[in-house]
Amino acid sequence: IDLEDFVSATSDGFESYGFAHLKITKGEQVFAVRVKVGSVPHEEIERLRKHAPRPPSVARWFDPTQDREAAAQLGIQSKQKLILPDYSNTDYLDQLQAFNTKLQGEIVGRGVLSKLLLKDGTVAQTSEQKYQALQEMGLSLTHLAEISTEVLRLTDWSDEERTRFLPDDSDSARTSTPARR
């Protein structure tokens with residue numbers, strides 16, 4: 001659909017929304033609980049990602065005779081000291097896990113459009129309160145990850161969607177309703 005046709009046909013412009021479907025099992029019964037979600041601007045997500053922790057650096061001696069393939073790729077011909085990120089540092093890994101949890105909380109909290117109540121009965125307004133309300137309801141990390149994934153999918157093309165929606169020639173565009181899962 002062309003931009004002009006899209007804008008004139010919709011009242012909410014480019015605000016994307018959809019649903020995350022959460023599997024909830026109660027004994028023998030299985031439910032697919034729908035949570036309405038909206039897109040979170042990528043600029044906001046990238047702004048949050050800029051605060052990700054960085055691994056500490058460690059000095060390591062590299063001997064090209066011990067790993068010729070790596071030496072060739074790096075263009076190293078003599079033994080030398082390299083400064084490398086230490087992705088196995090436990091403090092860094094703890095900080096990274098905490099950051100990822102906070103980022104997921106922000107994406108989920110900003111993306112959930114369903115009305116949520118906190119345990120005290122007040123309506124969750126902020127992203128932190130929405131995330132808290134979902135946790136208070138007993139949602140697992142798997143559920144929260146599913147919501148986060150669905151929020152991000154609202155505006156990111158998958159390879160399958162690109163093939164199905166986008167034409168081979170850029171003069172005509174197709175529209176389709178994605179299959180429900």
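Residues numbered from 1 in each chain as written. Predicted model: local features only at pLDDT ≥ 70, side-chain atom pairs only at ≥ 80, totals over all residues. Heavy atoms only, no water.

Participant: So what about helix 5 (residues 127–136)? Which residues, and what values?
Facilitator: For helix 5, every residue scored as buried is listed here: Ser-127, Lys-130, Tyr-131, Ala-133 and Leu-134. Take helix 5 and look down its axis: the buried residues cluster within an arc of 160°, on one side only. Looking at the buried positions of helix 5, the neighbouring elements they touch are helix 4 (90–111) and helix 6 (141–153). Looking one or two residues beyond helix 5, the residue adopting positive phi is Gly-138, at roughly 100°. (Buried < 20%, exposed > 50% of the residue type's maximum accessible area, 1.4 Å probe, protein only. Helix = DSSP H or I, 4+ residues; strand = E, 2+ residues; numbered from the N terminus. Arc of directions from axis to C-beta. Contact = heavy atoms within 4.5 Å.)

Participant: Could you give an account of the layout of surface pockets, with specific residues and numbers?
Facilitator: Considering only enclosed or pocket space, the second largest pocket measures out at about 170 Å³ in volume. Lining of the second largest pocket is provided by Leu-22, Ile-24, Val-33, Arg-34, Val-35, Ser-114, Leu-116, Leu-134, Met-137, Gly-138, Leu-139 and His-143. Looking at the lining of the second largest pocket, the elements that each hand over two or more residues are strand 1 (17–26) and strand 2 (29–38). (1 Å grid on protein atoms, 1.4 Å probe; cavity = no way out; pocket = protein on both sides within 12 Å on 5 of 7 lines; lining within 4 Å. Points joined across faces, edges and corners; volume = space filled by probe spheres on them.)

Participant: Would you mind going over the packing of helix 4 against helix 6 in detail, with residue names and values included?
Facilitator: Helix 6 packs onto helix 4 with a crossing angle of 65° between their chain directions and a minimal axis gap of 9 Å. Taken together, the axes of helix 4 and helix 6 are roughly perpendicular relative to one another. By crossing handedness, the relation of helix 4 to helix 6 is classed as left-handed. Seen from helix 4, the contacting residues are Gln-104, Ile-107, Val-108 and Gly-111; seen from helix 6, they are Leu-141, Leu-144, Ala-145, Ile-147, Ser-148, Val-151 and Leu-152. (Axes fitted to C-alpha atoms, helices over the stretch in contact; angles between N-to-C directions. Parallel < 35°, antiparallel > 145°, perpendicular 65-115°, else oblique. Left-handed = near helix turned anticlockwise from the far one by under 90°.)

Participant: Could you give me a rundown of the pattern of salt bridges, with the residues and numbers involved?
Facilitator: Throughout the structure, instances matching the rule amount to 4 salt bridges. For Glu-106, the salt bridge is made with Arg-110, and the minimal N-O distance between the two is 2.8 Å. Taken together, the positions of Glu-106 and Arg-110, both in helix 4 and 4 residues apart, correspond to about one turn of that helix. The salt bridge partner of Glu-150 is Arg-153, with a shortest N-O separation of 2.9 Å. Of this pair, Glu-150 and Arg-153 both sit in helix 6, 3 residues apart, roughly one helical turn. (Salt bridge = Lys/Arg side-chain N within 4 Å of Asp/Glu carboxyl O.)

Participant: Which residues make up the packing of aromatic side chains, and what are the values?
Facilitator: The relative placement of two aromatic rings is captured by the distance of their centres and the angle of their planes. All told, the structure shown has 1 aromatic pair when counted by the stated rule. Judged by centre distance (6.3 Å) and plane angle (65°), the rings of Tyr-87 and Tyr-92 are edge-to-face. For Tyr-87, a relative accessible area of 53% translates into the label exposed. On the basis of relative accessible area, Tyr-92 is assigned to the buried category, the value being 8%. We note Arg-34 situated over the ring of Phe-19; from NZ or CZ to the ring centre the distance is 3.8 Å. The aromatic ring of Tyr-17 is capped on one face by Lys-36, whose charged end is 4.8 Å from the ring centroid. (Phe/Tyr/Trp six-rings, centres within 6.5 Å; stacked < 30°, edge-to-face > 60°. Lys NZ or Arg CZ within 6 Å of the ring centre and 35° of its normal.)

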